Amino acid sequence: MDTILLTLKLKRKMEAKRSEIKVSKLLLKIAKKTFPVFFIFALVSCDSLTHETQNADQPLNAEHLIALGDRANESGDWKTAITFYQQAHLTTPGSPAPLLAMAKTFEEAGSYSNAARVYYQLSRMTGPDQKVPMLIKTGQNWLKAQEADQAITVLNEAQALAPDNASISVGLGIGHDLKAEFSTAQAIYEDVLKRHPENRAAANNLGLSYLFTGDTDLAIRQLAALGDTAGPQHRFNLAMAYGMAGRMGEAEKLLRESGMDTNVKENLAAFERLRTMSPEERAAFIYGSQLKSHTTAAKNAQ
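Residues numbered from 1 in each chain as written. Predicted model: local features only at pLDDT ≥ 70, side-chain atom pairs only at ≥ 80, totals over all residues. Heavy atoms only, no water.

Chemist: Before we go on, may I ask you to explain unusual backbone geometry in this structure?
Modeler: With glycine set apart, most residues show a phi of negative sign, and most peptide bonds adopt trans. You will see that glutamine 146, though not glycine, has its phi angle at about 60°, which is positive. Its place among the elements puts glutamine 146 in the loop between α5 (128-144) and α6 (148-161). Relative accessible area serves as the criterion here: at 33%, glutamine 146 is assigned to the partly exposed category. (Helix = DSSP H or I, 4+ residues; strand = E, 2+ residues; numbered from the N terminus. Buried < 20%, exposed > 50% of the residue type's maximum accessible area, 1.4 Å probe, protein only.)

Chemist: Teacher, can you tell me more about the pattern of salt bridges here?
Modeler: Close approach of charged atoms allows side chains of opposite charge to pair. All told, the structure shown has eleven salt bridges when counted by the stated rule. Across the pair aspartate 164 and arginine 195 runs a salt bridge whose closest N-O atoms are separated by 2.7 Å. Pair noted here: aspartate 164 is in the loop between α6 and α7 (166-178) and arginine 195 is in helix α8 (residues 182-195), with a separation of 31 residues, a long-range link. In this structure aspartate 164 comes out as partly exposed when scored by relative accessible area, which is 47%. We classify arginine 195 as partly exposed; its relative accessible area is 31%. Between arginine 195 and aspartate 191 there is a salt bridge, with its nearest N and O atoms 3.1 Å apart. Taken together, the residues span about one helical turn, with arginine 195 and aspartate 191 both in helix α8 at a distance of four residues. Bridged by salt links that share partners, the residues Glu107, Lys137 and Lys144 form one connected network. (Salt bridge = Lys/Arg side-chain N within 4 Å of Asp/Glu carboxyl O.)

Chemist: Help me out: how do you make sense of the environment of threonine 153 in this one?
Modeler: Turning to its location among the elements, threonine 153 is positioned in helix α6. With relative accessibility at 54%, the residue threonine 153 sits in the exposed group. Linking threonine 153 and leucine 172, residues 19 residues apart in sequence, is a C-alpha distance of 9.1 Å. Of the polar contacts made by the side chain of threonine 153, one reaches the backbone oxygen of aspartate 149; its length is 3.0 Å. (Polar contact = N/O pair within 3.5 Å; in protein donor to acceptor, adjacent residues only side chain to side chain.)

Chemist: Help me understand α6 in this model?
Modeler: Because each turn of an α-helix spans 3.6 residues, side chains separated by three or four positions end up pointing in the same direction. With 14 residues, α6 ought to run about 20 Å at 1.5 Å a step, and its terminal C-alpha atoms sit 20 Å apart, in line with that. Taken residue by residue, α6 has Ala148, Ala151, Ile152, Val154, Leu155 and Ala158 as its buried positions. The inward-facing, buried residues of α6 contact α4 (112-123), α5 and α7. (Expected span 1.5 Å × (residues − 1). Contact = heavy atoms within 4.5 Å.)

Chemist: For this particular structure, what's the right way to read the packing of helix α2 (residues 78-91) against helix α3 (residues 97-109)?
Modeler: Viewed as axis vectors pointing N to C, α2 and α3 meet at an angle of 160°, and their least axial separation amounts to 8 Å. Looking at the two axes, α2 sits roughly antiparallel to α3. Considering how the two elements wind past one another, α2 and α3 form a crossing that is left-handed. Note on element contacts: α3 touches α2 through Pro98, Leu99, Ala101, Met102, Thr105, Phe106 and Ala109, opposite Trp78, Ile82, Tyr85, Gln86, Ala88 and His89. (Axes fitted to C-alpha atoms, helices over the stretch in contact; angles between N-to-C directions. Parallel < 35°, antiparallel > 145°, perpendicular 65-115°, else oblique. Left-handed = near helix turned anticlockwise from the far one by under 90°.)

The following block contains the structure:
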C-alpha cells in the first residue's frame, strides 16, 4: 500500500531573551503516488513555539501531528488543526486520539454534522465503556445540527445499551420536539421525571414542549416548579413563557431580577414574535439557539 509522505518546512527565528522559535510559516506537503498528486498548504502562526528536536525533513508521527493541530487550534485556525488531525489519523488509523481531537474541534467550531460523523466513527472503535458516551455525543451534535431523524436513530442505539440513562432519554425528547411530535416528547420527559424526579433537564424541556404547543399556562406551571433549583437558562425560559402568555411585565421583572437585563427590550420583542410562530417554528427557533449555546463557537466557523 502506498504511504503518504509528509515534508514539513519551518522558518525559525530565535528570540533574544529565551531559546524559543517563532514559526511564521508551516508548509505541509502531502503526495499520494497512485492518485493525482495534490498539495495541502497550511499556514500556522504561533507566538511562542518551543524548540522541537524533531528534524524538519523527517516525517512526523501521529503524536507530533496532533501537537501541531493543537497549536493551530490555540491560535484560532481550526481548519488547519483539522488538517493535522486528519493526517495523524491516516498515520495511525487504529488510534482514537486524532479522531477525538478532530470531533471536539468540529464541535467547538460549530460544524455539528461533521462532529457527529466523527463521534459516531469513534463509537465504532472505542471500548465498551466509551461506546455509549460517544453515541450520546453523536446524538447531541445531530440535535445541534437540527437533524432530528439522525439524532433519534443514534440515541435509540445508545438507549438499547443504557436503557436507564436519563441524558439519552432527554435527547430523544428533544429530537421528537424538533420533529413536532410534541406528545411523544412530553411522554418521554414525564417518564424520565418518574424515574429521576430531580432531573432538571427533563423538567425544563417538558415546560418548553408545552410552550411550543402554545399551552403557556402548563409551561409556566412546569417551569415555575423548578423554583430555587432553576439555573439562569431555566429562569430565562420561564420569562419567555410569561412573554408568550402576554404577561410582559412579569417577563421583564424576571429577566431583571435574574441579572439578564442587558438586552431586555430585544428579548421582550423576541417573546412577542414567538407568539406569532407555529409550534414547529418555535421548537426550531428556541432549540436552535439554546442547544448551540452550550458550545463556544470561538473558532469562527464559516
